[in-house]
Amino acid sequence: MKKVLLASACLFALAAPASAADLAARPYTKAPVAPMASVYNWTGFYLGIVGGGAWEASSGDPKMQGGFVGGTAGYNWQTGNVVFGLEADGAWADVSASAAGVVFVPGVGGIPASVSSKTDAMGTVRGRIGWAVNNVLLYGTGGYAWIDNKITATLGGLSASDSKFHSGWTVGAGVEAFFAPQWSVKGEYLYRSLGGETYFSGAVPTGTLNFHTVQVGVNYHFGAPVVAKY
């Protein structure tokens, strides 16, 4: 039995190299291609539409409130993750308030009277600075603000109106994100403070008009804001 075991061991030792030689060579597997990643570059000119709501920041009543819709134009520069730029917007608005009552005139009695104030246009010219994380931009903004406002007074069947242009400042913040190669959507809050004016040849002075506004917009970016890289 010992001789049989030794003979079997020798036979196995001789056969093993031959069997190893008969094994197929290890197939070559090509490394998978790295997926392409899109990196957004915010630099460039853009146009868009914007709309939202505004309400007067006042402790008294009635408060002016309403909505607006208009257009936006701007330009961004990007360096690293920092994006800064200029933006201007203008909108048609219907932001108003009114008060009604009765005025007693001696010898005549009570006469219905009302006063209304309506902002029918508004806009801003602002700087923006923010931090971009690929297709998302978080930013702060501030600059010049304006409104076109009209006051109408009615007494009985008589009515008179006067319009004034108010100038002031604005500050706020927002977030903007690309949802397609050249299209972005944004949401923005602005606080607007407009200086007072005097209506009806000095008869009706107004104090400062302050507004909270919340707006959303869609922008089209010209050029090629997307840089593809591996």
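Here, every reference points to the structure presented above.
Throughout, a residue's number is its position along its own chain's written sequence, starting from 1. Note on the predicted model: pLDDT of at least 70 is required for a residue's local features to be given, and 80 or more for side-chain atom pairs to be given and counted; whole-chain, interface and lining totals, by contrast, use all residues. The basis for every side-chain value is the complete set of heavy atoms in the structure, and neither hydrogens nor water enter the calculation.

Visitor: What should I look at first to understand the sheet that holds strand E5 (residues 109-133) in this one?
Guide: Within a sheet, each strand pairs with its neighbour through backbone hydrogen bonds, oriented either parallel or antiparallel. Strands are labelled as partners when DSSP assigns at least two bridges between them. We count a stretch as a helix when DSSP gives it H or I for four or more residues in a row; a strand needs E for two or more, and each element gets its number in order from the N terminus. Read once around its circumference, the closed barrel built from 8 strands follows the order E2-E3-E4-E5-E6-E7-E8-E11, with strand pairing classed as antiparallel. If you compare each strand with its neighbour and ignore which way they point, the axes differ by 25° on average. One ladder, built from 20 bridges, connects E5 with strand E6 (residues 136-155); its direction is antiparallel. Paired with Ala132 across the bridge in E6 is Leu137. Lines fitted to C-alpha atoms define the axes, with helix axes restricted to the stretch in contact, and inter-axis angles between N-to-C directions lie between 0 and 180 degrees.

Visitor: What is the right way to look at the side chain of Thr141 in this model?
Guide: Mapped onto the secondary structure, Thr141 falls in strand E6. By relative accessible area, Thr141 is classed as buried at 6%. Within the local environment of Thr141, its side chain forms a polar contact with the side chain of Arg126, the two groups lying 2.8 Å apart. Here a polar contact means two N or O atoms within 3.5 Å. Within protein one must be a hydrogen donor candidate and the other an acceptor candidate, and residues neighboring in sequence count only if both atoms are side-chain atoms. Reaching out from Thr141, the side chain makes a polar contact with the backbone oxygen of Gly127 at a distance of 2.9 Å. The contact criterion used is simple: two residues touch if any of their non-hydrogen atoms lie within 4.5 Å. Setting aside chain neighbours within four positions, we find Thr141 in contact with Arg126, Gly127, Arg128, Val171, Gly172, Ala173, Glu188 and Leu190. Using a 1.4 Å probe on the protein chains alone, a residue whose accessible area is under 20% of its type maximum counts as buried, one over 50% counts as exposed, and one in between counts as partly exposed.

Visitor: I'm lost on unusual backbone geometry in this one. Help?
Guide: Across the chain, the bulk of peptide bonds are trans and the bulk of non-glycine residues have phi less than zero. Pro62 follows Asp61 through a cis peptide bond whose omega is 0°. Residue placement: Pro62 occurs in the loop between strand E2 (44-56) and strand E3 (65-79). Despite not being glycine, Asn134 has its phi angle at roughly 60°, a positive value. Position of Asn134 relative to the elements: it lies in the loop between E5 and E6. The backbone of Ser201 sits at a positive phi, close to 55°, despite the residue not being glycine.

Visitor: Where do I start with the packing of aromatic side chains in this structure?
Guide: Aromatic rings considered in pairs are described by the distance between their centres and by the relative angle of their planes. Centres within 6.5 Å are what make two rings of Phe, Tyr or Trp a pair, Trp counting through its six-membered ring; a difference in plane orientation under 30 degrees is then read as stacked, over 60 as edge-to-face, and the rest as tilted. Inspection of the entire model under this criterion finds 9 aromatic pairs. Between Tyr75 and Trp77 the ring centres are 4.8 Å apart and the planes differ by 55°, which places this aromatic pair in the tilted class. Judged by relative accessible area, which is 32%, Tyr75 ranks as partly exposed. Overall, the relative accessible area of 37% leaves Trp77 in the partly exposed class. Here the aromatic cluster, defined as three or more aromatic residues joined through ring pairs, consists of Phe45, Trp183, Tyr220 and Phe222. The ring of Tyr139 is capped by Arg128, whose NZ or CZ atom sits 4.4 Å from the centre of that ring. Sitting over the face of the ring of Phe68, Arg192 holds its NZ or CZ atom 5.7 Å from the ring centroid. Remark: a charge is flagged as sitting over a ring if the NZ atom of Lys or the CZ atom of Arg is within 6 Å of the ring centre and within 35 degrees of the ring normal.

Visitor: Is there a simple way to explain the nonpolar core in this structure?
Guide: General note: in soluble globular proteins, nonpolar side chains tend to be found buried as a group. Phe68, Val95, Met122, Ile147, Leu194 and Phe211 are the most contacted members of the largest nonpolar core, which totals 13 residues. Sorting the residues of this core by element identifies strand E4 (82-105), E6 and strand E11 (209-221) as the ones contributing at least two each. Examining the composition of this core, we find that 4 residues originate from one element, E4, more than from any other. Among residues more than four places away in sequence, those in contact with Leu194 are Ala145, Trp146, Ile147, His166, Ser167, Gly168, Thr208, Leu209, Asn210 and Phe211. Among the buried residues, those of types Ala, Val, Leu, Ile, Met, Phe, Trp, Tyr and Cys that are joined through side-chain atoms within 4.5 Å form a nonpolar core. In this structure, Tyr40, Trp42, Leu137 and Phe178 belong to the second largest nonpolar core, which totals 7 residues.

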